[in-house]
Amino acid sequence: MTSSMIIPVIDVQGNNFRQLWAAMVLAIKTSSFIAVDTELSGLGSRKALLSESIEDRYKAICHAARTRSVLSLGIACYKELENKADSTYLVQVYNLTLLCTEEYIIEPQSVQFLVQHGFDFNKQYAEGIPYHKGNDKGGDAHGVNMRSLFVELLRANKPLVVHNGLIDMVFLYQCFYAHLPERLGTFTADLSQMFPSGIYDTKYATEYELRFTASYLEYAYKKCKLENSRAIEGGRKGTHVFLEFCKYTGNMQSYIDYRPCVDNQDHDSALSICVQFSSYGWCPNGSQCPMSHDTDLIIQNDEIKRDKKKKRKRKNKTKDGEEHTDQPPDTCESPEGKRTHLENMELDLLDQSVPIQEPTLSEQQETVDEEPADSANASEPTKTTKNGNEESQPQGSSMDPDRPKEKKVEGGTHRAGFDAFMTGYIFAFARNLTAMTEESKSADHVPGCLNKLYLSGKSVPLHIAKSTFTKSSKAHVHKMDFIWGKSPAVQTEGSA
């Protein structure tokens, strides 16, 4: 079975940030939920990031956020369309290239990884959208800048979706909001007020709700996409996920990066699979590894193992006349049983947008209308295919004569915008499954994952909540007052 779709990712940088501002803000405000992802200049000491103490981990991540920077930010806005069959979303994806105006550390392995995956540092330094870290400075509260965009994200009050997102949330806070508080409890208290509609971590959802064999981003996305396609083609009861994309026209086409997603399930099963990549989505040998890193083949192999295990259980049940407890239907073994405790902690870090992860999918390019506000309103959604695997209309075809030919496919596929899209798709799939299993459809999201951030090597997540004994940070209180109109200006540099 082969399925495909083409995802338009809008490249946003300094030379078009103002032009696209209105379209981005409108997409954020009208969305049902928003998925984000970051590319970072590094993370620092891996050992400190994996400390047994969660408070110590938080301090290590804070140090990384204060000394490193966000190089790009991906935002995927999913808007559920009314009067449509099943669960149909209009999706708009943005990839923002950023440039921190302060000194920051960039790790050599980060440079190597990002360049291998198509990141253009020349473009970043020439056209990156400038920002500074910490508290607001004079003039930040108004105008077209990253801090104002983050304020619009908070004001929209939409569910925020991340994948293995603790590090992302710490970096977003430090880079676009305020100085990080010293204590983890204060940080989680601030987050609970910043995002009252909730934060959802799809890595936690993949491991503990969907219970897939692996939980790294590309695997989880392709597994959800495959299961959704099978449900549609098999005529299974319940609602399914369909996507639509805007049809971008005009001069803005030069800003669009079209990314084809092609899943081919007809593989040569004789090819050996890299066990390391199969489990964690990363291999130290990279492209030099002699074994397969094909995620589709990995999923196919996992399903073969699952089917064999089910047959053995049925056979044993017949022989013994006893009941045996099966794993959940999508799981050939629990994630915890597939790797040691230490490996689990170390390799979960590789699910971050730092330079130690293998590519996901390949890319291409297209656009938005010339006037940003109009483009968000007037763009025509593309049609979904009958199997639910959305394809852009003829403009998505590589043979489209209207497509600009001067831009070529970038090397690699690891980009914040596309990763945010995959994160959002996993959430849409999990949300749909939850709606089908709940007695009432009032459960709009995934209640089992609400305000729970995945923690490597821990059996429980980090809960995003304000305790009775925890106060919010002063900088956060001032910022909240400004965002919700209680004070005319935000706190300037100095309070934490």
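Residues numbered from 1 in each chain as written. Predicted model: local features only at pLDDT ≥ 70, side-chain atom pairs only at ≥ 80, totals over all residues. Heavy atoms only, no water.

Asker: Whenever I open this one, the overall build of the chain confuses me. Can you help?
Answerer: When helices and strands are counted, the chain shows 16 helices and 12 strands. Accessible surface, the chain: about 20,500 Å² in total, of which carbon and sulfur atoms supply 51%. (Helix = DSSP H or I, 4+ residues; strand = E, 2+ residues; numbered from the N terminus. Areas by Shrake-Rupley, 256 points an atom, 1.4 Å probe, with all protein chains shown as cover.)

Asker: Where do I start with the pairing of strand E3 (residues 70-80) in this structure?
Answerer: Each regular strand displays side chains that alternate between the two surfaces of the sheet. Within E3, 9 of the 11 residues are buried, which leaves it mostly tucked inside the rest of the structure. Two strands pair when backbone bridges link them, and strand E2 (residues 33-40) and E3 are joined in this way by 8 bridges, in the antiparallel orientation. Bridge pairing links Phe-33 to Tyr-78 in E3. As defined by bridge partners, E3 adjoins strand E4 (residues 87-100) across 9 bridges and the pair is classed as antiparallel. Among the inter-strand pairings, Leu-73 is bridged to a residue of E4, identified as Leu-96. (Buried < 20%, exposed > 50% of the residue type's maximum accessible area, 1.4 Å probe, protein only. Pairing = 2+ DSSP bridges.)

Asker: Can you walk me through the side chain of Thr-38 in this structure?
Answerer: Relative to the helices and strands, Thr-38 resides in strand E2. Of the polar contacts made by the side chain of Thr-38, one reaches the side chain of Asp-168; its length is 2.4 Å. (Polar contact = N/O pair within 3.5 Å; in protein donor to acceptor, adjacent residues only side chain to side chain.)

Asker: Please clarify how unusual backbone geometry should be interpreted in this entry.
Answerer: As a rule of thumb, non-glycine residues mostly have phi less than zero, and peptide bonds are mostly trans rather than cis. Located in the positive-phi region is Asn-157, a residue other than glycine, with phi close to 55°. Its place among the elements puts Asn-157 in the loop between helix H6 (146-156) and strand E6 (160-162). Even without being a glycine, Asn-164 presents a positive backbone phi close to 50°. Relative to the helices and strands, Asn-164 resides in the loop between E6 and helix H7 (166-176).

Asker: Please clarify how helix H16 (residues 474-483) should be interpreted in this entry.
Answerer: What sets the pattern is the α-helix's 3.6 residues per turn: residues three or four places apart point alike. Buried within H16 are the following residues: Ala-475, His-476, Lys-479, Met-480, Phe-482 and Ile-483. Buried residues of H16 fall within an arc of 160° about the axis and therefore sit on the same side. Those residues of H16 that are buried lie in contact with H6, H7 and helix H8 (184-194). With its phi angle positive at about 80°, Gly-485 sits one or two positions after the end of H16. (Arc of directions from axis to C-beta. Contact = heavy atoms within 4.5 Å.)

Asker: Help me understand the packing of H7 against H8, please; the structure alone is not making it clear to me.
Answerer: The geometry of a pair of packed helices is captured by two quantities: the angle between their axes and the separation between those axes. Taken N-terminus to C-terminus, the directions of H7 and H8 make an angle of 80°; their axes are 12 Å apart at the nearest point. Comparing their axes, H8 and H7 come out roughly perpendicular. Every residue of H8 that contacts H7 at Leu-166, Met-169, Val-170 and Tyr-173 is listed here: Phe-187, Asp-190, Leu-191 and Met-194. Across the contact of H7 with H8, the residue classes tally to 7 nonpolar, no polar and 1 charged. (Axes fitted to C-alpha atoms, helices over the stretch in contact; angles between N-to-C directions. Parallel < 35°, antiparallel > 145°, perpendicular 65-115°, else oblique. Nonpolar A, V, L, I, M, F, W, Y, C, P; charged D, E, K, R; others polar.)

Asker: Before we go on, may I ask you to explain the nonpolar core in this structure?
Answerer: Considering soluble globular proteins, one finds that nonpolar side chains tend to be buried as a cluster. The biggest cluster of nonpolar side chains holds 82 residues, and the ones touching the most others in it are Leu-96, Met-146, Met-169, Phe-176 and Phe-187. At 9 residues, H7 tops the list of elements feeding residues into this core. With residues up to four places along the chain from it excluded, the contact list for Phe-176 reads Val-70, Leu-73, Leu-98, Tyr-131, Met-146, Arg-147, Phe-150 and Lys-479. (Core = buried A, V, L, I, M, F, W, Y, C linked by side-chain atoms within 4.5 Å.)

Asker: Looking at this structure, how should I read H7?
Answerer: Burial of H7 is extensive: 11 of the 11 residues sit out of reach of the surface. Taken residue by residue, H7 has Leu-166, Ile-167, Asp-168, Met-169, Val-170, Phe-171, Leu-172, Tyr-173, Gln-174, Cys-175 and Phe-176 as its buried positions.

Asker: How should the pairing of E2 be read in this particular structure?
Answerer: Among the 8 residues of E2, 8 are classified as buried, and the element is accordingly described as predominantly covered. Where E2 lies against E6, 2 bridges are found, and the strand directions are parallel. Within E6, the residue paired with Ile-34 across the bridge is Leu-160.

Asker: I keep staring at the pattern of salt bridges and nothing clicks. Help me out?
Answerer: Any two side chains of opposite charge can pair, on the condition that their charged atoms come close. On inspection of all chains with the given rule, the structure shows 14 salt bridges. Where Glu-107 meets Arg-46, a salt bridge forms, and the shortest distance between an N and an O atom there is 3.8 Å. Residue Glu-107 is located in the loop between E4 and helix H4 (108-116), and its partner Arg-46 is located in helix H2 (residues 46-49); the two are separated by 61 residues in the primary sequence. Among the residues examined, Arg-46 registers a relative accessible area of 23% and is labelled partly exposed. (Salt bridge = Lys/Arg side-chain N within 4 Å of Asp/Glu carboxyl O.)

It is worth stressing that arrangement in space is one thing and function is another; only the former is reported here.
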